[in-house]
Amino acid sequence: MLRVIVLGAAAGGGVPQWNCGCPVCRAAFADPELRRTQASVAISADGVHWFLINAARTYASRSSPRRSCIRAPVRSATAQSRA
């Protein structure tokens, strides 16, 4: 069965933007629950081999509750296209 995990759902660099003072970013600075990473997904056909789409290069090394559900080596779609 195909598994898709949404890792992030925000535009660009995520929310909050470091140089923004809009109400949304100010609220996200104050409340970590409102923070979002850039739009990206992890996809697996077997639950063992995962492909990251549009994830930051450092995603696999970050500690994150979402990362804990991916317990296998991950490969970037960008890296695949260069091979």
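All residue numbers refer to positions counted from 1 along the written sequence of the respective chain. In view of the model being predicted, local features appear only for residues whose pLDDT reaches at least 70, and side-chain atom pairs are presented and counted only at 80 or more, with totals across whole chains, interfaces and linings using the full set of residues. Calculated side-chain values reflect all of the structure's heavy atoms, with hydrogen atoms and water omitted.

A few points about the overall build of the chain
Helical segments are the DSSP runs of H or I of at least four residues, strand segments are the runs of E of at least two, and each set is numbered from the N terminus. Along the backbone of the chain there are two helices and four strands. Intrachain contacts of the chain at a sequence separation of at least 6 include 53% that bridge at least 24 residues. Here the chain displays about 5,800 Å² of accessible surface, and carbon together with sulfur accounts for 60% of that area. Note on definitions: a residue-residue contact is assigned when non-hydrogen atoms from the two residues lie within 4.5 Å. Reported accessibility uses the Shrake-Rupley method at a 1.4 Å probe radius. Residues are deemed covered only where the shown protein chains occlude them.

Remarks on the confidence of the model for the chain
Model confidence for the chain is summarised by a mean pLDDT of 77, while 67% of its residues fall at 70 or above. The score called pLDDT rates the predictor's confidence residue by residue, from a low of 0 to a high of 100. When pLDDT is averaged over each element of the chain, helix 1 (residues 23-30) comes out on top at 95 and helix 2 (residues 77-82) at the bottom at 48. Confidence drops under a pLDDT of 50 for residues 78-83, and excluding neighbours within four residues, the segment shows three contacts in the predicted structure.

Section: the side chain of Ser40
With respect to the helices and strands, the residue Ser40 is situated in strand 2 (residues 40-44). Excluding residues that lie within four positions of it along the chain, Ser40 makes contacts with Ile5, Val6, Leu7, Gly8, Ile53, Asn54 and Ala55.

Side note on the nonpolar core
Of all hydrophobic cores here, the largest spans five residues; its members are Ile5, Leu7, Ala42, Trp50 and Leu52. Going through the elements one at a time, strand 1 (3-8) and strand 3 (50-53) are the ones with two or more residues in this core. For this analysis, a nonpolar core means a set of buried residues of the types Ala, Val, Leu, Ile, Met, Phe, Trp, Tyr and Cys, connected via side-chain atoms within 4.5 Å. Under the scheme applied here, a residue whose accessible area is under 20% of the maximum for its type counts as buried, over 50% as exposed, and between as partly exposed, the area being computed with a 1.4 Å probe on protein chains only.

Regarding the environment of Val15
Examined against the element boundaries, Val15 turns out to sit in the loop between strand 1 and helix 1. Distance from Val15 to Gln38, taken between C-alpha atoms, is 7.9 Å for residues 23 residues apart in sequence. Excluding residues within four positions of it along the chain, Val15 makes contact with Ala10, Val24, Ala28, Leu34, Arg35 and Arg36.

A short note on the side chain of Ser44
Tracing the chain through its elements places Ser44 in strand 2. Overall, Ser44 belongs to the buried group, its relative accessible area being 1%. Under this definition, polar contacts are N or O atom pairs within 3.5 Å; protein pairs additionally need one hydrogen-donor-capable and one acceptor-capable atom, and for neighbouring residues in sequence, both atoms have to be side-chain atoms. From its side chain, Ser44 meets the backbone nitrogen of Asp46 in a polar contact 3.2 Å long. A distance of 2.6 Å separates a polar side-chain atom of Ser44 from the backbone nitrogen of Gly47. Not counting chain neighbours up to four residues away, the residues in contact with Ser44 comprise Met1, Leu2, Arg3, His49 and Trp50.

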